[in-house]
Amino acid sequence: MFRAHWWAAVAAVTRQVGDLELAEDAVQDACAAALAQWPAEGWPSSPRGWLIGTARHKALDRLRRDRRRMDKEAEAMREDAAPHAPGGWTAGTDDELALIFTCCHPALDPAARVALTLRSVCGLTTAEIAAAFLVPEPTMAQRLVRAKRKIRQAGIAFRVPGPGDLPARLAAVLRVVYLVFTEGHLTAGGGALIRGELCDQAIRLARALAALLPSEPEVLGLLALLLLTDARRDARLSPDGDLVLLADQDRGRWDRAMIDEGEALVERALRGNRPGPYQVQAAIAACHSGAATAADTDWREIALLYGELLRYEPSPMAEANRAVAVAMSEGPAAGLVILDTIGGDARLARWPQLHIARAELLRRLGRRTEAIAAYEAAIALEPPAPERAYLARRMREW
Amino acid sequence: MVKYLFLLYGRPDEQLPEPGTEAFDRMRAEWGAATGAMAQAGVLIDCAPLQPPAAATTLSVRNGETLLTDGPAAEIKEHFGGYTLVECADLDEALRWAATLPAAEVGKVEVRPVVQVVAPAEQPAG
């Protein structure tokens, strides 16, 4: 019930008291107070304003109790003297942006950035985040405490970065949103419910960022990519929980509304003429969603787009995906040549998808023994359960 | 404002150029430019290179007895070779300045916030 206001409330109170941890605790207190008061006394005209105003008082109460923060209290009290309409507290756009830029600061540990964003921006509880990342709750609590301490001790400022820092800092924010999504998307097998929640949170974040930064094409590109990917959520798993590959998915089960929105966003982003990796990935996803059947897929265009993506992110994963697209447009032998040139990369050798892709191409070429060996290599790397089941099925189906 | 100490780490095999050589003059000029800009901006408090780790003496006092060891406190791959002390508005500003140091290109710069210690006499009364 309060999650829709969490981001704005934590942002506004952090701006006023200058401390993220204090602000978060105060917003938590305010939510508890709302649960007790609203049903009895009626809903306030502006729930968000009520929460922010109440949280602010709670934060000042805590400051007064905490003598170690004496000078900060003095500062906050001075601001308190400024006139304001009761219950009319709001969070500015800049405050909300400042909060997510703070949580995704590159000086923080990458795993902590993801966790902190889910806690401070999305309002997930520590227990929920711990469950989503399959770590014990005390471990996650510790990670969050450490990150917030670093923000305070290192002097990470609560503000929107200046124009010089913005591109790099925005990339760090988008990366966190993307990681929240992939964490939910890739391992849809175990605890599917919580995982779906992560995908939803990532899309909410991307949507909010697109509203806050409407002229940043990469933000639109990321939102488009997430929508186009998530539109296939229901079709990705069979009723038995098995993974269904893109080519075999029932396209009637794809979410048409999400696809339409995603496709419109890619077009709008690309019109900005400032392409970037998320826009290119969204364009690739749009190639798939725009094909009525798997056979209609424009693999030549997809191969070109992966080539484009490699210019931004020269990763062996993108190269492997390009190989698959080339195999689809020019034949399995051409794809296999690319896969075999990158197969020597140690990072990639530990990536089951490389072996799966090789296995599928070898299969199409009728090279059975080598294909079986590649399937077995993929299984040996212990991919998630649904993928493992899929591979076992593929080997049986020969 | 926060004080930040930049700890400058270099490679152990790094040889500083000899005075009088062209390389020495170039190093002086690069450092002069970087710290000059910091001084100009009013953020620089102090900056100095250190004698090599071999010149270090590490001290501890246990049960009233002073123990001395030859060498640095911790054996690490990189050598702590100098420091820069600045005062900035926040971490982003400190990181921007740290990146302008020549040491950032050849070695590493650790940016550490300095704890503000309030002397008893400076504490507000009451």
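Small disclaimer: the values here were computed from a predicted structure and weren't measured.

**Observations concerning helix α11 (residues 217-230) of chain A**
Right, on to step 1. Between its first and last C-alpha, α11 of chain A extends 20 Å over 14 residues, near the 20 Å set by a 1.5 Å rise per residue.
Right, on to step 2. Counting buried positions along α11 of chain A gives 14 out of 14 residues, so the element sits mostly inside the fold.

**Some words on the interface of chain A and chain B**
Right, on to step 1. In this complex, chain A contributes 8 residues to the contact, which on the side of chain B involves 6 residues.
Right, on to step 2. Residue classes in the side of chain A that touches chain B are distributed as 5 nonpolar, 2 polar and 1 charged.

**Quick look at the environment of L198 of chain A**
All names here are of chain A.
Right, on to step 1. As for its placement among the helices and strands, L198 is situated in helix α10 (residues 192-212).
Right, on to step 2. Classification of L198 as buried rests on a count of 25 C-beta atoms within 10 Å.
Right, on to step 3. Separated by 13 residues in the primary sequence, L198 and H185 place their C-alpha atoms 8.0 Å from one another.
Right, on to step 4. When near neighbours in sequence (up to four residues on either side) are disregarded, L198 contacts A132, V180, F181, E183 and G184.

**Concerning the nonpolar core**
It is characteristic of soluble globular proteins that their nonpolar side chains tend to be buried jointly.
Right, on to step 1. Counting 132 residues, the largest nonpolar core has A9, V13, V27, V177, A202, L222 and A224 of chain A as its most contacted members.
Right, on to step 2. When we break this core down by domain, the ones giving at least three residues each are domain 1 (3-91) and domain 2 (217-297) of chain A.

**Quick word on unusual backbone geometry**
All names here are of chain A.
Right, on to step 1. The phi dihedral of E382 is positive, around 50°, even though this residue is not glycine.
Right, on to step 2. Along the chain, E382 turns up in the loop between α20 (368-380) and α21 (385-396).
Right, on to step 3. By the C-beta count within 10 Å, which is 10 here, E382 ends up exposed.

**Brief notes about the environment of L365 of chain A**
Right, on to step 1. Following the sequence through the fold, L365 of chain A ends up in the loop between α19 (352-364) and α20.
Right, on to step 2. Discounting chain neighbours no more than four positions away, the residues touching L365 of chain A are P332 and A333 of chain A.

**Describing the packing of helix α13 (residues 256-271) of chain A against helix α14 (residues 277-289) of chain A**
All names here are of chain A.
Right, on to step 1. It is the contact of α13 with α14, at a shortest axis distance of 10 Å, that shows an interaxial angle of 140°. Taken together, the axes of α13 and α14 lie oblique to each other. The crossing of α13 and α14 is left-handed. Taken together, the residues of α14 that come into contact with α13 (itself represented by I259, G262, E263, V266, A269 and L270) are Q279, A282, A283, A286 and S289.
Right, on to step 2. By residue class, the composition of the contact of α13 with α14 is 7 nonpolar, 3 polar and 1 charged.

**Quick word on the confidence of the model for chain B**
Residues and elements named next belong to chain B.
Right, on to step 1. The share of residues in chain B with pLDDT of 70 or more is 94%, and the mean pLDDT across the chain is 87.
Right, on to step 2. Per-element confidence in chain B ranges from a low mean pLDDT of 83 for strand β4 (residues 65-70) to a high of 94 for helix α1 (residues 22-41).
Right, on to step 3. Complex prediction metrics read pTM 0.81 and ipTM 0.76.

**Section: the pairing of β4 of chain B**
All names here are of chain B.
Right, on to step 1. Across the 6 residues of β4, 0 count as buried, placing the element largely on the outside.
Right, on to step 2. Sheet analysis places strand β3 (residues 57-62) next to β4, joined by 6 bridges and oriented antiparallel. Bridge pairing links T58 to T69 in β4.
Right, on to step 3. Hairpin connection, β3 to β4: the antiparallel pair is bridged by 2 residues, and N63 has positive phi, about 55°.

**What to know about the sheet that holds strand β2 (residues 44-49) of chain B**
Residue and element names in this part refer to chain B.
Right, on to step 1. A sheet is described by the order of its strands in space; here 4 strands give the open sequence β2-β5-β1-β6, paired in antiparallel fashion. Of all strands in the sheet, those bounded by a partner on one side alone are β2 and β6 (108-113). Looking at each pair of strands side by side, their axes are set apart by 20° on average, direction ignored.
Right, on to step 2. Across 5 bridges, β2 lies against strand β5 (residues 79-88) in antiparallel orientation. Residue pairing in the sheet places A48 in a bridge with Y83 of β5.
Right, on to step 3. Packed onto the sheet, helix α2 (residues 91-98) meets β1 (2-10), β5 and β6 and runs at close to 135° relative to β5.

**Comments concerning the environment of R113 of chain A**
Residues and elements named next belong to chain A.
Right, on to step 1. Positionally, R113 belongs in helix α6 (residues 110-121).
Right, on to step 2. In this structure R113 comes out as buried when scored by C-beta crowding, with 24 C-beta atoms within 10 Å.
Right, on to step 3. In the structure, R113 is positioned 34 residues away from A147 in sequence and 7.9 Å away in space, judged by C-alpha atoms.
Right, on to step 4. Other than its neighbours up to four places away in sequence, R113 contacts C103, C104, L108 and V176.

**A word on the packing of helix α16 (residues 316-330) of chain A against α19 of chain A**
All names here are of chain A.
Right, on to step 1. Packing of α16 against α19 brings their axes to within 10 Å, and their N-to-C directions diverge by 15°. It follows that α16 is roughly parallel to α19 by the angle criterion. Like other packed secondary-structure pairs, α16 and α19 cross with a definite hand, here left-handed. Of α19, the residues touching α16 (which contributes A320, A323, V324 and A327) are Q353, L354, A357 and L361.

**Brief notes about α19 of chain A**
Note that an α-helix has 3.6 residues per turn; residues three or four places apart therefore point the same way.
Residue and element names in this part refer to chain A.
Right, on to step 1. Here α19 is 13 residues long and its end C-alpha atoms lie 19 Å apart, about the 18 Å a rise of 1.5 Å per residue gives.
Right, on to step 2. The element α19 is largely enclosed, with a buried count of 10 among its 13 residues.
Right, on to step 3. Within the sequence span of α19, burial applies to L354, H355, I356, A357, R358, A359, E360, L361, L362 and R363.
Right, on to step 4. Residues of α19 that are buried make contact with α16, α17 (332-342), α18 (346-349), α20 and α21.
Right, on to step 5. Downstream of α19 by a residue or two, G366 has a phi angle that is positive, lying close to 75°.

Rules of the game
Residues numbered from 1 in each chain as written. Chains lettered and ligands numbered in written order. Predicted model: local features only at pLDDT ≥ 70, side-chain atom pairs only at ≥ 80, totals over all residues. Helix = DSSP H or I, 4+ residues; strand = E, 2+ residues; numbered from the N terminus. Expected span 1.5 Å × (residues − 1). Buried ≥ 20, exposed ≤ 12 C-beta atoms within 10 Å, placed from the backbone. Contact = placed C-beta atoms within 7 Å. Nonpolar A, V, L, I, M, F, W, Y, C, P; charged D, E, K, R; others polar. Core = buried A, V, L, I, M, F, W, Y, C linked by C-beta atoms within 7 Å. Domains from an automatic or database assignment. Axes fitted to C-alpha atoms, helices over the stretch in contact; angles between N-to-C directions. Parallel < 35°, antiparallel > 145°, perpendicular 65-115°, else oblique. Left-handed = near helix turned anticlockwise from the far one by under 90°. pLDDT = per-residue confidence, 0-100. Pairing = 2+ DSSP bridges.

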